[in-house]
Amino acid sequence: MSIQLSRKAIPYTPVSKPLSEMTLMIVSTAGVHLKTQEAFDTAGDTTYRVIPGDVSVADLTVTHGAPKAEYDTDEPKKDLNTIFPIDRLRAFAKEGIIKDVAEKHITMMGYAMRLNEINAVTVPAIAKEVDRSRADAVLLTAG
């Protein structure tokens, strides 16, 4: 069985300006959150966390419910920039590769079986957070 999607069904926004004029925001399903925030429920969490744009990587951690064989969170904890590249974006802004880093970023745990709830509730809420931000583009990351 083949699923046919019309072009209208695929959300796409063409790039309208150079990267050097864009503010970037991270949206991640890697399970990153502030150490002070509630950890994701590893049994399957459909919530998201807002991460401040001025966050220090030292204040972040990872909680994820995927089997360790599929996503070993010990490795990204050694350098969270591998899954949440906030320091890389700051360096790009300093070098003029991008204009700036957004004032907030959004993370969630991508391992959850309640896909209908994620599609109906979580994704629209994240989309509103992105829309209300001053970001021109989103960098999507996964674990």
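Use the structure listed above.
Reference entry: report on the structure contained in this document.

1. A closer look at the nonpolar core
Here is step 1 of the chain: Counting residues in each nonpolar core, the largest one holds 20 residues, and the members touching the most others are V32, V55, L60, I83, F84 and I86.
Here is step 2 of the chain: Not counting chain neighbours up to four residues away, the residues in contact with I86 comprise I26, G53, V55, V57, N81, V101 and H105.
Here is step 3 of the chain: Counting residues in hydrophobic clusters, the runner-up holds 9 residues, among them M25, A112, I118 and I126.

2. Quick notes on the pairing of strand 1 (residues 23-28)
Here is step 1 of the chain: Of all the 6 residues making up strand 1, 6 are buried; the element is thus mostly covered by neighbouring parts of the structure.
Here is step 2 of the chain: Here strand 1 shows a buried face lined by T23, M25 and V27 and a second buried face lined by L24, I26 and S28.
Here is step 3 of the chain: Inspection of the sheet shows strand 1 paired to strand 5 (residues 100-101) by 2 bridges, in the parallel sense. Among the inter-strand pairings, L24 is bridged to a residue of strand 5, identified as V101.
Here is step 4 of the chain: Of the strand pairs in this sheet, strand 1 and strand 7 (residues 137-141) are connected by 5 bridges, and their pairing is parallel.

3. What about the layout of surface pockets?
Here is step 1 of the chain: Counted as a void, the largest pocket has a volume near 560 Å³.
Here is step 2 of the chain: Around the largest pocket sit 15 residues that line it, and T13, V130, D136, A137 and V138 are the ones nearest its centre.
Here is step 3 of the chain: Considering each element in turn, the lining of the largest pocket owes the most residues, 3 residues, to strand 7.
Here is step 4 of the chain: Taken together, the residues of the lining of the largest pocket sort by class into 11 nonpolar, 2 polar and 2 charged.

Conventions used here
- Residues numbered from 1 in each chain as written.
- Predicted model: local features only at pLDDT ≥ 70, side-chain atom pairs only at ≥ 80, totals over all residues.
- Heavy atoms only, no water.
- Core = buried A, V, L, I, M, F, W, Y, C linked by side-chain atoms within 4.5 Å.
- Buried < 20%, exposed > 50% of the residue type's maximum accessible area, 1.4 Å probe, protein only.
- Contact = heavy atoms within 4.5 Å.
- Helix = DSSP H or I, 4+ residues; strand = E, 2+ residues; numbered from the N terminus.
- Pairing = 2+ DSSP bridges.
- 1 Å grid on protein atoms, 1.4 Å probe; cavity = no way out; pocket = protein on both sides within 12 Å on 5 of 7 lines; lining within 4 Å.
- Points joined across faces, edges and corners; volume = space filled by probe spheres on them.
- Nonpolar A, V, L, I, M, F, W, Y, C, P; charged D, E, K, R; others polar.

Geometry only, nothing functional implied.
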